[in-house]
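Each chain, letter by letter, is given below.
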Amino acid sequence: MNPPAECLVGRTSVALSQLATEFGATAWRGKQLASWIYRKAVADLGAMNDLPAGFRRRLAERFVVNPLHVADHRKSSDGVDKLLVHDGDGQVFECVLLPYSKRVSCCLSTQVGCPMGCTFCATGLGGFDRNLSVGEIVGQYLLLQGLSDRRVDHVVFMGMGEPLLNLDALLESIAILHGEVGLSHRNLTVSTVGLVPQIERLAAAKLPIHLALSLHSPFDEIRSRLMPVNRRWPVAEIMATMRRYQKATGRKITIEYLLIDRLNDTEEQALALARLLRGVPHVVNLIPFNYVDTEQGFRRPTRERVRAFRRTLEEQGINVTERVERGHDIAAACGQLAGQHEGRFARRSRLSVLPVTS
Ligand code: SAH
Ligand code: SF4
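Each value, and the rule that gives it
Starting from 1, residues in each chain are numbered consecutively following that chain's sequence as written. Here every chain gets a letter starting at A, and every ligand a number starting at 1, in the order they are written. Predicted model: local features are reported for residues with pLDDT of at least 70 only, side-chain atom pairs are reported and counted for 80 or more only, and whole-chain, interface and lining totals are derived from all residues. Side-chain measures here rest on the full set of heavy atoms in the structure, leaving out hydrogens and waters. Strands pair, by our definition, only if DSSP identifies at least two bridges between them. Here a helix means four or more residues in a row that DSSP labels H or I, a strand means two or more in a row labelled E, and each is numbered from the N terminus. Only the stretch in contact is used when fitting a helix axis, every axis being a line fitted to C-alpha atoms; angles between N-to-C directions are given from 0 to 180 degrees. Note on disulfides: each one is a pair of cysteine sulfur atoms within 2.5 Å. Contacts: residue pairs with any heavy atoms within 4.5 Å of one another. Working definition: with a 1.4 Å probe on protein chains only, accessible area under 20% of the residue-type maximum means buried, over 50% means exposed, and in between means partly exposed. Think of it this way: one heavy atom of a residue within 4 Å of a molecule or strand is enough to make that residue near it. What qualifies as a polar contact is a pair of N or O atoms within 3.5 Å, subject to a donor-acceptor requirement within protein and to the restriction that residues adjacent in sequence count only when both atoms come from side chains. Each accessible area is a Shrake-Rupley estimate made with a 1.4 Å probe; only the visible protein chains count as cover when residues are assessed. Any residue that is not Ala, Val, Leu, Ile, Met, Phe, Trp, Tyr, Cys, Pro, Asp, Glu, Lys or Arg is counted as polar, Gly included; the first ten are nonpolar and the last four charged.

### With respect to the sheet that holds strand β5 (residues 93-99)
Phase 1: Within the open sheet, the ten strands sit side by side as β3-β4-β5-β6-β9-β10-β11-β12-β13-β14. Their pairing is mixed. Edge positions in the sheet fall to β3 (69-75) and β14 (320-322), since each of these pairs with one other strand and no more. Neighbour-to-neighbour, the strand axes of the sheet open up by a mean angle of 20°, direction not taken into account.
Phase 2: As paired elements, strand β6 (residues 104-107) and strand β9 (residues 154-157) share three bridges and run parallel to each other. Bridge pairing in β9 links Ser105 to His154.

### Considerations on the state of the cysteines
Phase 1: The final tally for this structure, using the stated rule, is zero disulfides.
Phase 2: As a non-bridged cysteine, Cys95 has Cys106 as the owner of its nearest cysteine sulfur, 7.7 Å distant.

### What to know about the environment of Leu33
Phase 1: Turning to its location among the elements, Leu33 is positioned in helix α2 (residues 27-39).
Phase 2: Separated by 83 residues in sequence, Leu33 and Met116 have C-alpha atoms that sit 38 Å apart.
Phase 3: Sequence-distant contacts of Leu33, that is, excluding residues within four places in its chain, are made with Leu8, Leu16, Leu45, Met48, Leu51, Phe55 and Leu59.

### Comments concerning unusual backbone geometry
Most peptide bonds adopt trans geometry, and most residues besides glycine take a negative phi value.
Phase 1: Of note in this structure, His216 is not a glycine but carries a positive phi near 70°.
Phase 2: Relative to the helices and strands, His216 is located in the loop between β11 (210-214) and α8 (220-226).
Phase 3: Overall, His216 belongs to the buried group, its relative accessible area being 4%.

### Section: the site of ligand 1
Phase 1: Ligand 1 sits among 20 residues. The nearest are Gly161, Ser191, Ser214, His216 and Asn290.
Phase 2: At a separation of 3.1 Å, a nitrogen atom of ligand 1 approaches a polar backbone atom of Phe120.
Phase 3: The contact in question runs from a nitrogen atom of ligand 1 to an N or O atom on the side chain of Glu162, over 3.3 Å.
Phase 4: For ligand 1, whose free accessible area comes to 530 Å², the fraction covered by protein is 97%.
Phase 5: Where the shell around ligand 1 is concerned, the elements lending two or more residues are β10 (188-192) and β12 (253-259).
Phase 6: Taken together, the residues of the shell around ligand 1 break down into ten nonpolar, seven polar and three charged.

This is how it looks when you write it as C-alpha cells:
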C-alpha cells in the first residue's frame, strides 16, 4: 500500500504562508489557502478559484488537503451523522456530527483504538493501533463541517482513544481549531480517563477548555474493575489533580459517570460521589451504559434506577445532566461503529497489557 500523501490540514496559516513562498507564490496566498481549508472547509484545491492555477497544480503534486477518506457514512433517524474514516492505511476510526437546536457539536477521535483497556468500552476491547496526527484530528472536524449547513461550533474529544495519551497532537489540534477555524476554547471539551501528569501539563497550558473526567465510581475497588488506569492513579489522587486543574483554569470540572446496572448505580456511590465534589465547581454527566458485549454481563440500568441515582445526587446539591442519547440506530456510542465492521476494517483482538508507566 502507498504511504499516505502529505497533507495541508494540520498546518497553521503561518506554516502555509511559508509553504506558499517555497512554492513560488506570495505569503498572502498561504493565508488565502488557510481560509479555504479552515473557514470554508473546502478540501479540493481545484475549487479554490482565487488562487493561481499554477500554484494549485504544484501543490497538488505533493499534497492532499485533507488526509482522510470516508469508509462508511451512516445517518441516524434523529439527525446524527457518523463517519468511519481512514487515511489510506486501512486503520479506521470514527467521528460523529451532532446537531442540536442551539448548537452543532462534533465528537472526534484522537487514536486508532485505545490502549487503556476499560472493560465496558468497545474501543478499549478492540485494542490499540496508533496515535492520530494533527491533520487526522482536524481533518475529522473539517469533514463533518462539510456535511453541515450550520457552523459546527462545539467539539468534544470523546471518540476513539485517550486524548491525553496523544497530548502534543491534541494541543496542536486545539490551537488550529481555535486560531484557524475560529472556535472558542470554551466550546472545546477533552474527556479523559484520568492521567495525572498529562492533566498537570494541561493545567499549566491554562487554556479555558472543559476537562471531563470519566470517573464511573467513587470507590477504588469498582473503578479499578472498570478502568485499569485506576490502579495507577486511584480516585483520591485523580480527584486532587482535577481540583488543581479547576483552580488553575477557573473552569467547572465535568465528571462523566457511566451507569451500569447494580454495579456503580447504588445510593452509596451517589452519596460518596457527592462528598468528593463538595466545594468544587462541577457538573456530573450521567451516561447510561450503551450495550457492548463485555463478557462480564454489564447491563444498562432501568430509567427508575437512573432517576433514583440522579435524585440522590441532586439532594446533595450536585449539578447533574444526563447525556442526550442520539444516533442509537447507527451505534453512535464510543467505538461501536468501528467495532461492528468486518473484513479489512474488523476490530483487533483484545490487548491485555496497560502501557502506562509513569
Ligand atoms: N478516552 C476518553 C474519551 C473517549 S471515551 C475517556 O475515556 O474519557 C468517551 C466517553 O464514553 C467516556 O466517558 C467513556 O467512559 C464512555 N463510554 C465508553 N464506552 C461506553 C459505553 N459502552 N456506554 C456508554 N459510555 C461509554
Ligand atoms: Fe479508551 Fe476511553 Fe474507551 Fe477507556 S473509555 S478504553 S480510555 S476510549
